[in-house]
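# Structural description and commentary
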Amino acid sequence: SRLAFILIKKIFMITTFPEIISYRAETHPDRAAYIFNEEVFSYKNYYEKSLQAACHLKSLGLQKGDRFGILDLNNPNVLHLISGAMLAGIIPVCINWRAMPGELLFVLQDAGIDHLFYGTAFQKLIDASTLPQNLHIYETGKPDVENKNCDENFLKNIQIHDADICTLLYTSGTTGNPKGVMLSYKNLFTCYHLCVSDTPSFGPDTRNLVCGPMYSIFGFGAFFAGIYAGCTNVVIMMFDAQQVCKNIVAHSVSNALLIPAMFQMILKIDGIDQMDFSSLRHIQYGGSPVSGEILKQMKNTFQCYFTQVYGLTESGGVGTALRFDDHEEILNANDSSKNAKLFSAGKPGIGIEIKLNEAVYHDEYKYETGEIFIRGENIANGYWNMTQLTSEVFDKDGWLHTGDIGYINEEGYLFLVDRMNDKIVCKGVNMYPAEIEKVLMQFKGFSEVAVIGVPDEKAGEAICAVA
């Protein structure tokens, strides 16, 4: 019927965070939105806390489009501040926990931050830093963050659109100051949509582990993908292998987002083979490929599906995926270490395009290699305060220039070779450290290895491996 069509269309038009969170709070108010240190926050409670935080930010004079800073570990006050800001169109800027005084000052000045919330764990950094004179600072744990006399009517006058910036995530490059990536509400929704499309059993009944920091797409994206899906996030203050396993067991976690470096720390836990991980259905990982041996150990320990995701902060953390059925093929092979797909970044997500720019045939790989370009609704709005760099990295046709070198095989699988600025030129031949590292990692005895170029009179550059 026409009425049903209109209702369905209206549901699919809900893409911005304020619409999503109010819908969740109204439709299933008692469902757990997230769990932190055994404390459960229902969707109704989470919405109310976020609304109070929005009112508090408004009371400070912040308006739509203004930025403010957060320097703290994952905790409810941080989550409510971020969410409250996004309700009001205010832009939260979560700052790297490992920032030094100079980097902290740069981000505060670059983002034009006049208000900074910080956790007591960072008091020494605050005391050691030269802060802008106009900066107002507050402790995130103080009760005045939550405005008890909050009237949500002020939100009705704030129009938030898909293209509006929902957060600035500062990401460090190989040189220079960090860059503020402008992620939009559309980017956030696309990240969630791709997660649902390619993650086994990711939906309202999921228990989703969030152990990444909110200053990175690793934590920020994982948390809000869970909220958009209407599932229950299990939030950890910061990554700790023991806490990850404890929370998976205690809260029946079904989906987890990790990075390969975490795999090895988890596998070293005493008694891990005695823990009950039967609730876990899927582990998503990214940042780097993983060796066949480690992958098999993880499979034997957790008995779940795996998906590898390739993406950048600039692409909302998504781009291509080596999906769960690809992993099953790899793991079921007689010798998984020799399966070519093991080092693939997979195929593009739905609605995402990839191509190789200025591709040139490479004898070693037997394919054309070139810079990887990505295009789709996941691509960020650009870099904050960096017009020239934005025009170089985000071109007029919508392509993101990743700076990664790769090739695509005949089946459409993407393989990463290295970063453009990491290549070693030895005797006139371009060599990529990542490819050499992959080979070395196949030898027993190597837990971590890094390959670098060193000056050499005869070769120009020689290869040096550090393990």
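## What about the packing of helix H10 (residues 260–267) against helix H11 (residues 292–302)?
In contact at an axis separation of 10 Å, H10 and H11 are set at 55 degrees when each is read in the N-to-C sense. Taken together, the axis directions place H10 and H11 in an arrangement best described as oblique. Regarding H10 and H11, the two cross each other, and that crossing is left-handed. Across the interface between the two elements, Phe 263, Gln 264, Ile 266 and Leu 267 from H10 touch Ile 294, Gln 297, Met 298, Thr 301 and Phe 302 from H11.

## A few points about the environment of Leu 168
Note on placement: Leu 168 falls in strand S7 (residues 165–171). Assessed through its relative accessible area of 0%, Leu 168 is described here as buried. Residues in contact with Leu 168, not counting those within four places in the same chain, are Arg 67, Ile 91, Pro 92, Val 93, Cys 94, Ala 111, Gly 180, Val 181, Met 182 and Trp 384.

## What to know about unusual backbone geometry
One non-glycine residue with positive phi stands out, namely Ser 252, at about 50 degrees. Tracing the sequence through the fold places Ser 252 in the loop between helix H9 (241–250) and strand S11 (255–258). Given the relative accessible area of 42%, Ser 252 is considered partly exposed. Phi is positive for Gln 303, close to 50 degrees, though the residue is something other than glycine. Here Gln 303 is to be found in the loop between H11 and strand S13 (305–310).

## Brief notes about the packing of helix H2 (residues 17–27) against helix H3 (residues 43–59)
Helix-helix packing: each pair is described by the crossing angle between the helix axes and the interaxial distance. Two elements in contact, H2 and H3, have axes separated by 8 Å at closest approach and are oriented at 135 degrees. Between H2 and H3, the crossing angle belongs to the class labelled oblique. The crossing of H2 and H3 is left-handed. The residues of H3 that touch H2, namely those facing Phe 17, Ile 21, Ser 22, Arg 24 and Ala 25, are Tyr 43, Lys 44, Tyr 46, Tyr 47 and Ser 50. Of the residues belonging to the contact of H2 with H3, the class tally is six nonpolar, two polar and two charged.

## Some words on the sheet that holds strand S6 (residues 136–139)
Read from one edge of the open sheet, four strands run S4-S3-S5-S6, paired in parallel fashion. For this open sheet the edge positions go to strand S4 (91–94) and S6, each flanked by a neighbour on one side alone. The mean inter-strand angle of the sheet, taken between neighbouring strand axes irrespective of direction, is 25 degrees. Pairing analysis gives four bridges linking strand S3 (residues 67–71) to S4, with the strands arranged parallel. When the bridges of S4 are listed, Gly 69 appears paired with Val 93.

## Re the pairing of strand S17 (residues 367–375)
In the sheet, strand S16 (residues 353–362) pairs with S17 via eight bridges, with the strands oriented antiparallel. Bridge assignment links Glu 353 to a residue of S17, and that residue is Arg 375. Counting the residues between successive antiparallel strands, the hairpin from S16 to S17 contains four residues, one of them, Lys 366, with a positive phi of roughly 65 degrees. As paired strands, S17 and strand S18 (residues 400–408) are joined by four bridges and run antiparallel to one another. By the bridge assignment, Gly 370 is partnered in S18 with Gly 406.

## Some words on the pattern of salt bridges
Applying the stated criterion across every chain yields a total of eight salt bridges. In this structure, Arg 323 engages Asp 198 in a salt bridge whose closest nitrogen and oxygen atoms are separated by 2.9 Å. You can see Arg 323 sitting in the loop between strand S14 (320–322) and helix H12 (324–332) and its partner Asp 198 sitting in helix H7 (residues 185–198), a full 125 residues away along the chain. The shortest N-O distance in the salt bridge between Arg 281 and Asp 205 comes to 3.8 Å. Note that Arg 281 is positioned in the loop between H10 and strand S12 (282–286) and Asp 205 in the loop between H7 and strand S9 (207–210), a separation of 76 residues in sequence. Owing to a relative accessible area of 30%, Arg 281 belongs among the partly exposed residues under this scheme. The exposure class of Asp 205 is exposed, given its relative accessible area of 59%. Overlapping salt bridges bring together Asp 326, Glu 329 and Lys 341 as one network.

## Overview of the confidence of the model for the protein chain
Mean pLDDT over the protein chain: 89, with 86% of residues reaching 70 or higher. Scored below 50 in pLDDT, residues 5–11 shows zero contacts in the model against residues more than four places distant or in partner chains.

## A short note on the nonpolar core
Formed by 140 residues in total, the largest nonpolar core has its most connected members in Phe 17, Tyr 46, Phe 223 and Ile 283. Residue contributions to this core peak at 10 residues, all from helix H8 (residues 217–229). Leaving out residues up to four positions away in the same chain, Tyr 46 has contacts with Phe 17, Ile 21, Ala 33, Tyr 34, His 80, Ser 83, Phe 223, Phe 224 and Ile 227.

About the cut-offs
- Residues numbered from 1 in each chain as written.
- Predicted model: local features only at pLDDT ≥ 70, side-chain atom pairs only at ≥ 80, totals over all residues.
- Heavy atoms only, no water.
- Axes fitted to C-alpha atoms, helices over the stretch in contact; angles between N-to-C directions.
- Helix = DSSP H or I, 4+ residues; strand = E, 2+ residues; numbered from the N terminus.
- Parallel < 35°, antiparallel > 145°, perpendicular 65-115°, else oblique.
- Left-handed = near helix turned anticlockwise from the far one by under 90°.
- Contact = heavy atoms within 4.5 Å.
- Buried < 20%, exposed > 50% of the residue type's maximum accessible area, 1.4 Å probe, protein only.
- Nonpolar A, V, L, I, M, F, W, Y, C, P; charged D, E, K, R; others polar.
- Pairing = 2+ DSSP bridges.
- Salt bridge = Lys/Arg side-chain N within 4 Å of Asp/Glu carboxyl O.
- pLDDT = per-residue confidence, 0-100.
- Core = buried A, V, L, I, M, F, W, Y, C linked by side-chain atoms within 4.5 Å.

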